[in-house]
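# Geometric and topological summary
Here's the letter readout for the chains.
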Amino acid sequence: MAGSQRWLLATDDGPDDVTTTPEVRILKGEEVEQYLDDLALLRIQVFREWPYLYDGNLVYERRYMASYRNNPDAVLIAAFDQGKLVGASTGTPLMAHASEFATPLEGRGIDMERSFYCAESILLPDYRGQGLGHSFFDVREAHARELGMKASIFCAVTRPDDHPDRPDRYRPLDPFWKKRGYTPITGCVAHFSWCDLGADKESLKPLQIWHRGL
């Protein structure tokens, strides 16, 4: 599951017992190594939720997160509450990421060499709806501009409205993304495989591509 935009913030307002403001910082080098297991476990935990329903494993997730440590142009942002990792967000130049997410953009007038790919943004449930989503986007977009990028792109998985596992309280995040200036590119859909919870093998999932200029 190589990093579509997996934004899970703002699905609820968060509980009243969260009284501290998480610290958001960029992890590099040895810091990434120190938190690799925590980052991998966080992805596994959060992506089990709708709409990803991802049945992850620690070996793959740890290797995937290490790829951000090894790429000098990538950014890995983490949110900590009193030293505990509660959220994370990543991004990398589009051409340094999986080809599944670049290929659908070919022939659409987008300079892929100067496009930045915003990958996952994940938060534990208690920390959603507090503005961290905007912080994650702010840091990634600023990093992209520093690299000379002219566009920001992400993907979001699409599931049928009548999917049996769709929660009754689920609220699509389209309004949040549009508020950030992103728009879906009509007909531009990437496909990536992962194993759903309860499934015995991987299956292709459609991911809508969103775009904004920087």
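Once a new chain begins, its residue numbering starts again from 1 and follows that chain's sequence as written. Only residues with pLDDT of 70 or above have their local features reported here, since the model is predicted, and side-chain atom pairs are shown and tallied only from 80 upward, although totals for entire chains, interfaces and linings are computed over all residues. Heavy atoms from the whole structure form the basis of all side-chain values; hydrogens and water molecules are not counted.

### Let's talk about the packing of helix H2 (residues 36–46) against helix H3 (residues 58–70)
- In this analysis an axis means a line fitted to C-alpha atoms, helices contributing only their contacting stretch, and an angle means the value between N-to-C directions, from 0 to 180 degrees. Counting from the N terminus, the helices are DSSP H or I runs at least four residues long and the strands are E runs at least two residues long. Between H2 and H3, whose axes approach to 8 Å, the crossing angle comes to 120 degrees. With respect to each other, H2 and H3 are oriented oblique. Judged by the twist between their axes, the crossing of H2 over H3 is right-handed. Residues Leu36, Asp37, Leu39, Ala40, Leu41, Arg43 and Ile44 of H2 form the contact with H3, whose participating residues are Leu58, Tyr60, Glu61, Arg62, Tyr64, Met65, Ala66 and Arg69.
- Note that Gly is not counted as nonpolar here; it falls among the polar residues with everything else outside the nonpolar set of Ala, Val, Leu, Ile, Met, Phe, Trp, Tyr, Cys and Pro and the charged set of Asp, Glu, Lys and Arg. For the contact of H2 with H3, the residue count by class is 10 nonpolar, no polar and five charged. Orientation is classified from the angle alone, with under 35 degrees giving roughly parallel, over 145 giving roughly antiparallel, 65 to 115 giving roughly perpendicular, and any other angle giving oblique. A clockwise turn of the near helix away from the far one marks a right-handed crossing, whereas an anticlockwise turn of less than a right angle marks a left-handed crossing. Any two residues having at least one pair of non-hydrogen atoms within 4.5 Å are treated as being in contact.

### So, H3
- A helix is expected to reach a length of 1.5 Å times the quantity of its residues less one. Over its 13 residues, H3 extends 18 Å from the first C-alpha to the last, a length consistent with the 18 Å expected when each residue adds 1.5 Å.
- Every buried residue belonging to H3 is among Glu61, Tyr64, Met65, Ala66 and Tyr68, and all of these are buried.
- Packing partners of the buried residues in H3 comprise helix H1 (30–34), H2, strand S2 (75–81), strand S3 (84–93) and strand S4 (115–123).
- The N-capping residue of H3, defined by a side-chain oxygen 3.3 Å from the backbone nitrogen of Val59, is Asn57. Each residue gets one of three labels from its accessible area relative to the maximum for its type: buried under 20%, exposed over 50%, partly exposed in between, using a 1.4 Å probe on protein chains only. What qualifies as a polar contact is a pair of N or O atoms within 3.5 Å, subject to a donor-acceptor requirement within protein and to the restriction that residues adjacent in sequence count only when both atoms come from side chains.

### Digging into the nonpolar core
- By nonpolar core is meant a set of buried Ala, Val, Leu, Ile, Met, Phe, Trp, Tyr and Cys residues that side-chain atoms within 4.5 Å join together. Ranked by size, the top nonpolar core spans 60 residues in total, and within it Leu27, Leu39, Leu105, Phe154, Trp177 and Ile209 carry the most contacts.
- Excluding its chain neighbours within four sequence positions, the residues that come into contact with Ile209 are Phe101, Pro104, Leu105, Ile153, Phe154, Cys155, Thr183, Pro184, Ile185, Cys188 and Ala190.

### So, the environment of Asp38
- Within the secondary structure, Asp38 is located in helix H2.
- Sequence-wise, Asp38 and Lys84 are 46 residues apart; in three dimensions their C-alpha atoms are separated by 9.1 Å.

### A short note on the pattern of salt bridges
- The salt bridge definition used is simple: a Lys or Arg side-chain nitrogen within 4 Å of an Asp or Glu carboxyl oxygen. For the coordinates displayed, the defined rule picks out 14 salt bridges.
- The partner of Glu49 in a salt bridge is Arg128, and the shortest N-O contact between them spans 2.9 Å. Taken together, the residues span a long stretch of sequence, with Glu49 in the loop between H2 and H3 and Arg128 in the loop between S4 and helix H5 (132–146) at a distance of 79 residues.
- A salt bridge links Arg180 to Glu141; the shortest N-O distance between them is 3.0 Å. Of this pair, Arg180 sits in the loop between helix H6 (174–179) and strand S6 (183–194) while Glu141 sits in helix H5, placing them 39 residues apart in sequence. We note that Arg180, like Glu141, is buried.
- Three or more residues joined by partner-sharing salt bridges are found here, namely Glu33, Asp37, Arg62 and Arg69.

No statement about biological role is implied by the geometric values presented.
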